[in-house]
Amino acid sequence: MPSTIIAIDGPSASGKGTIARMIAEELDYAYLDTGLLYRAVGMLAMSDGINLEDKAAIAAFAETLSVTAIINKLSAPALRSDEAATAASKVAPIPAVRAKLLKFQQDFGASPPEGKKGAVLDGRDIGTIIAPNAKVKIYVTADTAVRAQRRWKELQKRGETATYADVLADLRARDERDTKRSAAPALPATDAVILDNTRINAKETFAEAMKIVSKALATD
Ligand code: DC
C-alpha cells in the first residue's frame, strides 16, 4: 500500500503546525514540520558567518551542506525563535536550498518513519511541489492582524518584549518574501481546500480539518 500523504500549507502563524500535528496524532501518521528544515539551514548559515542578504553565498553554502547536518539540528530549541524564522525566510527563496531539502521531504512522505501508513507534512509548498499527488491538501490561513496578534501573545508568554507593531511588520515582511519569491512561492495549490480560521479557535479548526480529511480519505 502506498503511503497516504496529507499536505497542510499556509502562512506564518496560521496555526497550520498545530492542526497538522493533531491530524497526525488522530490518524497515527508520521508528522514533519518542513519549516524547521529551512530554519535549520538559516541558523547553520548564520553560525557559519554567511551574510543572509548574499544569495550567491547562501547557494554556495547550501551546496556544501549535508542533509544529516540539517536533520541533526532539528531539535535545537533556538529553531523556534523569531530570529530563526527570519533567517529561514531569507534562505528559503534560494533554489539550491530548496533542492537540498526536496528529496528528504519526498522520502518522508513516501516512506514515513516507524512503518506508519501515512504522513502529514506542513509547510508552504507541500501541495504544490513536494507532494502534488497528496491525497488531502488543506491551506490553513487567517487575516494578517489575527495571525500577528496570536504570534504576539505567544511571544509575550515566553517573556519576549517585541511590540505588536513589530510583530505585525515582521509577519508582513515574511509573507511578502514567502509569496513573492520565484522558487516555490507560498501559495495554495489549485486543488487545496482553504481553511480560514480567522474567527475560529484551534479546536474548531481541527474539527473542520478532520471533516475535509475524512471526506478525502473516504474516496478511495
Ligand atoms: O513555517 P515556518 O514559520 O517554520 O517557516 C519558516 C520559513 O521557511 C518561512 O519563511 C517559509 C519557509 N518555508 C518554505 O519556504 N517552505 C516550506 N515548505 C516550509 C517553510
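The structure this text deals with has already been given above.
Rules used throughout
- Residues numbered from 1 in each chain as written.
- Predicted model: local features only at pLDDT ≥ 70, side-chain atom pairs only at ≥ 80, totals over all residues.
- Heavy atoms only, no water.
- Helix = DSSP H or I, 4+ residues; strand = E, 2+ residues; numbered from the N terminus.
- Buried < 20%, exposed > 50% of the residue type's maximum accessible area, 1.4 Å probe, protein only.
- Lys, Arg positive; Asp, Glu negative; His and termini not counted.
- Salt bridge = Lys/Arg side-chain N within 4 Å of Asp/Glu carboxyl O.
- Polar contact = N/O pair within 3.5 Å; in protein donor to acceptor, adjacent residues only side chain to side chain.
- Contact = heavy atoms within 4.5 Å.
- Near = heavy atom within 4 Å.
- Areas by Shrake-Rupley, 256 points an atom, 1.4 Å probe, with all protein chains shown as cover.
- Pairing = 2+ DSSP bridges.
- Axes fitted to C-alpha atoms, helices over the stretch in contact; angles between N-to-C directions.
- Parallel < 35°, antiparallel > 145°, perpendicular 65-115°, else oblique.
- Left-handed = near helix turned anticlockwise from the far one by under 90°.
- Nonpolar A, V, L, I, M, F, W, Y, C, P; charged D, E, K, R; others polar.

What follows is about the side chain of R39. With respect to the helices and strands, R39 occurs in helix α2 (residues 35-47). At 6.0 Å, D82 is the nearest oppositely charged side chain to R39, a buried residue that forms no salt bridge. Among the polar contacts listed, one links the side chain of R39 to the backbone oxygen of L79, at a separation of 2.7 Å. At 3.4 Å, the side chain of R39 forms a polar contact with the backbone oxygen of S81. Beyond its immediate chain neighbours, meaning those up to four positions away, R39 contacts L79, R80, S81, A84, A85 and A88.

This paragraph deals with the site of the ligand. Close contacts around the ligand come from 14 residues, with R39, R98, R124, D178 and R181 the closest. At 3.3 Å from an oxygen atom of the ligand is found a side-chain nitrogen or oxygen belonging to K16. Its free accessible area being 450 Å², the ligand has 97% of it covered by the protein chains. The set of elements that each furnish at least two residues to the shell around the ligand consists of α2 and α5 (82-91).

What follows deals with the environment of T141. With respect to the secondary-structure elements, T141 resides in strand β4 (residues 136-141). Here the alpha-carbon distance between T141 and E204, two residues 63 residues apart in the chain, equals 14 Å. Ignoring sequence-local partners within four residues, the contact set of T141 consists of P11, S14, I194, L195, D196, N197 and T198.

This part takes up the pairing of strand β3 (residues 118-123). Taking burial as the measure, the six residues of β3 include six buried ones, the bulk of the element. Burial along β3 is two-sided: G118, V120 and D122 facing one way and A119, L121 and G123 facing the other are all buried. The pairing of strand β1 (residues 4-9) with β3 spans six bridges and is parallel. Paired with I6 across the strands is V120, a residue of β3. As paired elements, strand β2 (residues 30-33) and β3 share four bridges and run parallel to each other. Bridge pairing in β3 places Y31 opposite V120.

Counting through the fold element by element, A85 comes out in helix α5. Here A85 falls in the buried class, since its relative accessible area comes to 5%. With 49 residues separating them in the primary sequence, A85 and L36 have C-alpha atoms 8.8 Å apart. The contact partners of A85, leaving out residues within four places of it in the chain, are R39 and R174.

Let us look at the packing of helix α8 (residues 144-157) against helix α9 (residues 164-180). Their axes nearest at 9 Å, the elements α8 and α9 cross at an angle of 125 degrees. By the angle between their directions, the pair α8 and α9 is classed as oblique. Every pair of crossing elements has a handedness; the one defined by α8 and α9 is right-handed. Contacts between α8 and α9 involve T144, A145, R147, A148, Q149, R151, W152 and L155 from the first element and Y164, V167, L168, L171, R172, R174 and D175 from the second. Among the residues making up the contact of α8 with α9, the classes are represented as eight nonpolar, two polar and five charged.

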